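A look at the structure
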Amino acid sequence: MLADLFCALLLGTFAVVFFGWLGGLAALVIIEACLVGLDWLIPSTDDAAGVVR
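Residues numbered from 1 in each chain as written. Predicted model: local features only at pLDDT ≥ 70, side-chain atom pairs only at ≥ 80, totals over all residues. Heavy atoms only, no water.

1. Examining the overall build of the protein
A count of helices and strands for the protein gives one helix and zero strands. Per-residue burial for the protein yields a buried fraction of 9% across its 53 residues. Put simply, the protein shows about 4600 Å² of open surface, and 79% of that area lies on carbon and sulfur atoms. (Helix = DSSP H or I, 4+ residues; strand = E, 2+ residues; numbered from the N terminus. Buried < 20%, exposed > 50% of the residue type's maximum accessible area, 1.4 Å probe, protein only. Areas by Shrake-Rupley, 256 points an atom, 1.4 Å probe, with all protein chains shown as cover.)

Now the structure itself:
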């Protein structure tokens with residue numbers, strides 16, 4: 001969880017620097033939505049056997 005937070009801060013900083021405040025926030029929302037989607041789709045060892053999301 002701490003790594004996700006650090007990555008979000010780093011990506012947000014880069015997005016704001018490259019695209020400005022409005023574009024940076026929009027880019028951060030899109031990137032974080034994609035990262036959360038990947039976390040949701042990729043199975044982990046914590047999932048019980050046979051669980052389909």
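That was the structure; now back to the text.
2. What to know about a nonpolar patch on the surface
A cluster of nonpolar side chains, contributed by Phe6, Leu10, Phe14, Val17, Phe18 and Phe19, occupies part of the molecular surface with about 710 Å² of accessible area. On the basis of relative accessible area, Phe19 is assigned to the exposed category, the value being 57%. (Patch = residues over 30% accessible without salt bridge, like charges linked within 9 Å, V, L, I, M, F, W, Y side chains within 5 Å. Salt bridge = Lys/Arg side-chain N within 4 Å of Asp/Glu carboxyl O.)

3. Describing helix α1 (residues 2-41)
Relative to the 58 Å expected for 40 residues at 1.5 Å per residue, α1 spans just 20 Å between its end C-alpha atoms, considerably shorter than the ideal helical length. Its maximal kink placed at Gly20, α1 deviates by approximately 130°. The complete set of buried residues in α1 reads Ala8, Gly12, Ala15, Gly24 and Ala27. (Expected span 1.5 Å × (residues − 1). Bend = angle between axes of the 7 residues up to and from the residue.)

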